[in-house]
Amino acid sequence: MNQEFYDQIMQTVGSGSVKLKEAMKKHTTFRVGGPADYFITPHTIQEMQQTIRICNDCKIPYYILGNGSNLLVSDTGYRGAVIQVFQNLDEIRVQGTSIAAQAGVLLSRLAKRALEEGLGGLEFAAGIPGTVGGASVMNAGAYGGELKDVCTSVTMLTPQGELKVLTREEMEFGYRTSAVAKVHGVVVETEFELTPREPELIRGQMEKLQKARSEKQPLEYPSAGSTFKRPEGYFAGKLIMDAGLRGCRVGDAQVSEKHCGFVINRGNATASQIMQLIRHIQAEVKEQFGVTLETEVKTLGCFEGVD
Ligand SMILES: Cc1cc2nc3c(=O)[nH]c(=O)nc-3n(C[C@H](O)[C@H](O)[C@H](O)COP(=O)(O)OP(=O)(O)OC[C@H]3O[C@@H](n4cnc5c(N)ncnc54)[C@H](O)[C@@H]3O)c2cc1C
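The shown structure was predicted, so the numbers you read here are calculated from the model rather than taken from an experiment. (Residues numbered from 1 in each chain as written. Predicted model: local features only at pLDDT ≥ 70, side-chain atom pairs only at ≥ 80, totals over all residues. Heavy atoms only, no water.)

As recorded in UniProt, the sites labelled "domain: FAD-binding PCMH-type" (unreviewed entry) are residues 31-197. Structurally, residues 31-197 comprises 22% helix and 34% strand, and the distance from its first C-alpha atom to its last is 37 Å. (UniProt positions renumbered as here; feature names shortened; annotations may be inferred. Helix = DSSP H or I, 4+ residues; strand = E, 2+ residues; numbered from the N terminus.)

Okay, here's the thing in structure tokens:
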């Protein structure tokens, strides 16, 4: 342990908000992942800013965590500081048709608030189990909607810890990516412009999409959602099914039988088994159809020796 780093972080966030050797399986929807050396939960944007500066000064690598719903952490964990945004930075402010939400707010909570305000545009996001921060960086999307459609600006911290506001254009949203991802910034707040809509219509749309999700997706098992990005001109799930991989297992990691685009944890999967299965799927799909499947799921830690 780096005592100087630890002491400075403790002074910044308080003793209850920094843990040592925290098991990442507790913080990812895959329910796998070894220990992070330091696990820090800053309460405010200022604390977040200070935490990043201390990491830089002490040369401790850091990784930003939202709700861990798109993340595979290795079994050996992470030799650095995981900075968790979810649980804190959870303010929502509404002004007319504009909503500003801090990065730790869950999309489901934000969508519910928009519904209460009679504001439409976030119906697509209600069933995505991520935070505003994670969704902004990833340009999360579902059922024809994407975060970029309703986002007007994003406030981020640069890797040097400076606050910067990016307009929608400056965010350079792409398929599951954005400018913040490219510069390794930290989203602290996102502003949305919504449209007045009858709450009953909003509720109906959300319920319809949620029903479609639970019918088609293996929500009963831990996963990180769609494991792969959609390759141009194809659907990842269909390619995987056509490759004969439905139900394929490595230990407790399995290609979902309900939706082949999801790798699920049947109970006791390790990160290494999940990664072996991902690599097997990629190799089979490449060999049989010549298509490269890129992971949508982010990885953290070392997966050396997994093939
Ligand atoms: C059952 C299920 C269904 C899903 N359905 C969808 C879907 O329909 N559409 C979709 O797009 N995704 C879906 N996902 C994936 C996931 O929920 C989204 O990608 C979500 O946006 C990730 O948010 P998070 O807060 O969990 O991010 P995390 O998983 O914690 O992090 C993901 C990435 O974002 C970075 N990050 C997180 N917060 C910040 C921040 N504040 N600043 C900078 N970087 C940050 C992390 O470093 C990491 O690289 C699904 C996942 C599950 C488990």
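Taken in spatial order, the 4 strands make up an open sheet running β1-β2-β5-β3, and their pairing is mixed. Among the strands making up the open sheet, the edge pair consists of β1 (18-23) and β3 (62-65). Neighbour to neighbour, the strand axes of the sheet diverge by 35° on average, direction disregarded. As paired strands, strand β2 (residues 35-40) and strand β5 (residues 78-84) are joined by 4 bridges and run parallel to one another. The partner of Ala36 across the bridge, within β5, is Tyr78. Against the sheet, helix α2 (residues 45-58) contacts β2, β3 and β5, and its axis sits at roughly 165° relative to β5. (Pairing = 2+ DSSP bridges. Axes fitted to C-alpha atoms, helices over the stretch in contact; angles between N-to-C directions. Contact = heavy atoms within 4.5 Å.)

As a further point, take the UniProt feature "active site" (unreviewed entry) in the protein chain. Under the local residue numbering, the UniProt record ascribes the feature "active site" (unreviewed entry) to Arg176, Ser226 and Glu296. In sequence the annotated residues extend across 121 residues, while in space they remain close, none of their C-alpha pairs exceeding 11.6 Å. Of note, Ser226 is situated in the loop between α6 (199-216) and α7 (236-242). For Ser226, the contacting residues outside a window of four places in its chain are Gly261, Phe262, Glu296 and Val297. If you trace the backbone, Glu296 turns up in the loop between α8 (271-289) and β18 (298-300). We classify Glu296 as buried; its relative accessible area is 13%. Sequence-distant contacts of Glu296, defined by excluding residues within four places in its chain, comprise Asn70, Met138, Tyr175, Arg176, Ser226, Thr227, Phe228 and Lys229. (Buried < 20%, exposed > 50% of the residue type's maximum accessible area, 1.4 Å probe, protein only.)

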